Amino acid sequence: MFQISLVFRTCQICVIIACVISVVVSQNVLQRLYDFNPVIDTFIEDDRSINYRKEILELGRTTSSSQSRILMKFDIDAFKSTSEWDSGSTNLNKSTLISAKLRLTYTSGSLNNTVSASRIVRSWFEEVVTSKTRGRNGELWSISYLDTTGGDATPAIAKKYIRVNSEPFFFEVEIKEILEYWLENAESNHGLLLWLENSSSSFVKFASTDNALISLHPVLKVVLEDVVFVKGNCTNIEIQCGDGSCVADDRRCDFIDDCLHGTDEADCGVVCGFETPCGWDTSVSEGAIGWTLDSAQLRQEFYIYVNGSQEPSGMVSELSQEFRNSARPCTLHFDFFMNATEDDSLSVVIVYKGTEYTVWTKAGTDPNDS
């Protein structure tokens, strides 16, 4: 809200007419959530082993002479582009980084220690990096396993206590301060170092970005909060985004975030997992048990299954969801496991205008079961 004074002048006598015009521009405070995977992750354990492109990331001490540490790199320019960070949008009044939590998924091992996160300040290359070597031409770290007093990496910027032995879980550490630095100094982004604060004879393994299960990959979960101006009117063939901008109505619910905050994809009923079932329809043959919901509770993940050994021969069990027309391309991702006989099969079927199209199928005799 602001004030405008209008001034009118005659030829000889100055007459001032002041009026107050109240202009109200509504504001919204909206949050955006991004899952941001590292483009490179590896670990160092001694002065010889190259551990890039392995399915695990190791942290801890495996022998008296080695101490595994994790190194990661993130593409900050790609994040800026995706999130329109500092884009100068006329509708964005202020964007604030609320949190940036690095999540790792445990796979094995035992550990009772404090994990420290430091910002690496010297360049390194994943194809050659070891506890001593960092460069393609034999360049070395200041000391083995990196100097964490500023020579190779900063002192610990974030810390998180971890205690794990055999139960699967997620480990999260807040690295907001590190991401803030990268956003302001992208040219100085040499990655992240995770290391143990205290000496330990135990170690833990996490899934890497090369793990076969995408859901287990390391991810930086970023939350941004925007103060946005909502102004202007959209036409009758447009919808208004949360920040006041307009997009064509046919872009709503097309699986693509055309609005900055994804409001064109809100309330579409298409993001339905098994954690919060929504809109899934089931259909089973008469006398069959059908689909059963279960969970790996410590991972906070749910799955649905059919126990074929308890079902009559010839049983058909369907799980379906109705979607609006999608943009091109539209990709379906799912994980599955089968322990089946030659008479069993799993299929993906699309029904369009009353016609069924089988786009994928797997028989129980196929050699690969997941």
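If you're wondering where the values come from, they're calculated on a predicted model, not measured in any experiment.

Asks: How would you sum up the state of the cysteines? Please name residues and give values.
Replies: In a disulfide, the sulfur atoms of two cysteines are covalently bonded to one another. If you walk through the whole model with that rule in mind, you get two disulfides. Shown here is the disulfide that connects C234 with C246, its sulfur atoms set 2.0 Å apart. Sign of the S-S torsion, about -90° for the bond between C234 and C246, identifies this disulfide as left-handed. Pair noted here: C234 is in the loop between β11 (219–230) and β12 (238–240) and C246 is in strand β13 (residues 246–248), with a separation of 12 residues, a long-range link.

Asks: Outline the pattern of salt bridges, listing residues and values.
Replies: Summed over the entire model, instances satisfying the criterion amount to nine salt bridges. Of the charged contacts in the structure, one is a salt bridge between D226 and R32, with a shortest N-O distance of 2.6 Å. One end of the pair, D226, is in strand β11; the other, R32, is in strand β1 (residues 26–36), with 194 residues separating them in the sequence. Of the residues examined, R32 reaches a relative accessible area of 2% and is grouped as buried. Between R48 and D47 there is a salt bridge whose closest N-O contact spans 3.0 Å. Of the residues examined, R48 reaches a relative accessible area of 63% and is grouped as exposed. Residue D47 is classed as partly exposed on the basis of its relative accessible area, which comes to 32%. Among the charged side chains, a network of salt bridges with common partners joins D47, R48 and K132.

Asks: Got a sec to walk through the packing of aromatic side chains? Specific residues and values, please.
Replies: This structure, assessed with the given rule, holds five aromatic pairs. Between the aromatic rings of F36 and F74, the centroid separation amounts to 5.4 Å while the plane-to-plane angle is 45°, which identifies the pairing as tilted. One end of the pair, F36, is in strand β1; the other, F74, is in the loop between β4 (69–73) and α1 (76–83), and 38 residues separate them in sequence. Of the two residues, F36 and F74, both sit in the buried class. By the ring-pair criterion, three or more aromatic residues cluster together here, those being Y34, F36, F74, F79 and W182. Across from the ring centre of F125, 5.7 Å away, lies the NZ or CZ of K73, which sits over that ring.

What counts and what doesn't
- Residues numbered from 1 in each chain as written.
- Predicted model: local features only at pLDDT ≥ 70, side-chain atom pairs only at ≥ 80, totals over all residues.
- Heavy atoms only, no water.
- Disulfide = S-S within 2.5 Å.
- Helix = DSSP H or I, 4+ residues; strand = E, 2+ residues; numbered from the N terminus.
- Salt bridge = Lys/Arg side-chain N within 4 Å of Asp/Glu carboxyl O.
- Buried < 20%, exposed > 50% of the residue type's maximum accessible area, 1.4 Å probe, protein only.
- Phe/Tyr/Trp six-rings, centres within 6.5 Å; stacked < 30°, edge-to-face > 60°.
- Lys NZ or Arg CZ within 6 Å of the ring centre and 35° of its normal.

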